[in-house]
Amino acid sequence: MSAASPSPLFRRIPPDVWTILAWCAGTVFTFLIRLRLPGESVASMNTGVIFYRWDGLTMLIMATALTLAGSRLLFRRPIAAIVLVLAGSVIGTLPLSVGAIPVPQFLAVDVALCFVAASGRRRTSLTAAGLVVATLAGYLAFRVLRGWSIGTSTELAVMMTALIAWLIGNSVRQAREHADGRRAQAVTAERLRIARELHDMVAHSIGIIALQAGAARRVIDTQPARARDALGEVETASRETLSGLRRMLGALRQAEREEGTDIAPLDEMPGLADVDRLAETTTAAGVHVDVRWHGDRRPLPPEVDLSAFRIIQEAVTNVVRHADARSCTVSIDHRDGAVLLEVVDGGRGRGGTPDTGYGLAGMRERVALLHGDFSAGPVPGGGFRVTAELPLPAGVA
């Protein structure tokens, strides 16, 4: 079950409003604890000498104005905002005739500090926290230098509330940065998947088209019927490739409108069941593909099925484009806990090398994502071999 989303009220009210509300709540509480409430014989706190005088009320008004001004700067100039809110807290404490800044006068500072730690850079949040500590220490130092009494325990409690506020805001910032990093990784992985799908789909089709077009060019004068068949294969491969590109681009446009939409569901992508058709198409183009199945054929997880097909498709494409071979052998071995793929040709060409193009790199990436083993290299005596072992998730027979 997912965590409950924050209340719409908390999402709608901006941090500057919360800061002002915290100051107002602290001010109201300050007045209440200096009154004799029902059930009390005396008020909880003594009223300062100037608390209700014109100078005391003027200080409270000034403190409220500074807090209001600071809260409005939280988004644009967070350090200046913290300075103003701290000044309001200190000035609001002076009429109280107390030895330390009380918690009610520091609630607005805690809210502002939490917001700065959550939304600002780490350096900014540490600077704000330093200003808070310096203000609390400076207030006590000033009273000591004047020979006045200080409320050390009260100040320690206030400092604890500031520390908790900073830790909460810092945790929110770290969680957001982690989520942003995960989203960036997901976007990068999706781009790599798009690149692999486009490469595997287009490269194979273009290879077949090039082979068929070359064959048609060579026999167009002497064997018109064969040239016509080859051009028909070119047309078919071109249409299939264009249709695949349109589907992929359509899915990408849909993903722009609906956040989180993938390219295409994996169960709609090709799999090992399409290998025989791939072999027929390649054989018709002039390179015979012999498909050999071993073990009991069974359904595979979509991600394994797609990767297995793309690896075979790319390996066969490399045979068509680079190997100068007339045939190749594709072996698919269903084993307990894994699927073993092997594509071997007896050509005189490179068959691709780990340093050229994106084909082998894409195959290696697909196998690595499934935590499998991949190898590719020349065969003694001529030819090229590609092998891949794709492990199956636990529970897949």
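Please read these numbers as outputs of a predicted model, since none were measured by experiment. (Residues numbered from 1 in each chain as written. Predicted model: local features only at pLDDT ≥ 70, side-chain atom pairs only at ≥ 80, totals over all residues. Heavy atoms only, no water.)

## Observations regarding unusual backbone geometry
Point 1. One non-glycine residue with positive phi stands out, namely S97, at about 55 degrees.
Point 2. In this structure, S97 sits in the loop between α4 (78-93) and α5 (103-119).
Point 3. One non-glycine residue, H371, lies in positive phi territory at about 60 degrees.
Point 4. Counting through the fold element by element, H371 comes out in the loop between α11 (359-369) and β4 (373-378). (Helix = DSSP H or I, 4+ residues; strand = E, 2+ residues; numbered from the N terminus.)

## Considering the confidence of the model for the protein
Point 1. Here the protein shows a mean pLDDT of 81. Residues at 70 or above account for 83%.
Point 2. By mean pLDDT, the top-scoring element of the protein is strand β3 (residues 338-345) (93), and the lowest-scoring one is helix α1 (residues 8-12) (56).
Point 3. Scored below 50 in pLDDT, residues 1-7 shows two contacts in the model against residues more than four places distant or in partner chains.
Point 4. pLDDT under 50 marks residues 351-355. Its contacts with residues more than four places away, or in other chains, come to ten contacts. (pLDDT = per-residue confidence, 0-100. Contact = heavy atoms within 4.5 Å.)

## What to know about the packing of α5 against helix α6 (residues 122-145)
Relative placement of two packed helices is described by the angle separating their axes and the distance separating the axes.
Point 1. Look at α5 against α6: their axes get within 8 Å of each other, and the N-to-C directions meet at 160 degrees. The angle between the axes of α5 and α6 places the two elements in the roughly antiparallel class. Where α5 crosses over α6, the handedness of that crossing is left-handed. Counting all contacts with α5, which are made through F106, V109, L113, V116 and A117, the residues of α6 involved are T124, S125, A128, A129, V132 and L136.
Point 2. Grouping the constituent residues of the contact of α5 with α6 by class yields nine nonpolar, two polar and no charged. (Axes fitted to C-alpha atoms, helices over the stretch in contact; angles between N-to-C directions. Parallel < 35°, antiparallel > 145°, perpendicular 65-115°, else oblique. Left-handed = near helix turned anticlockwise from the far one by under 90°. Nonpolar A, V, L, I, M, F, W, Y, C, P; charged D, E, K, R; others polar.)

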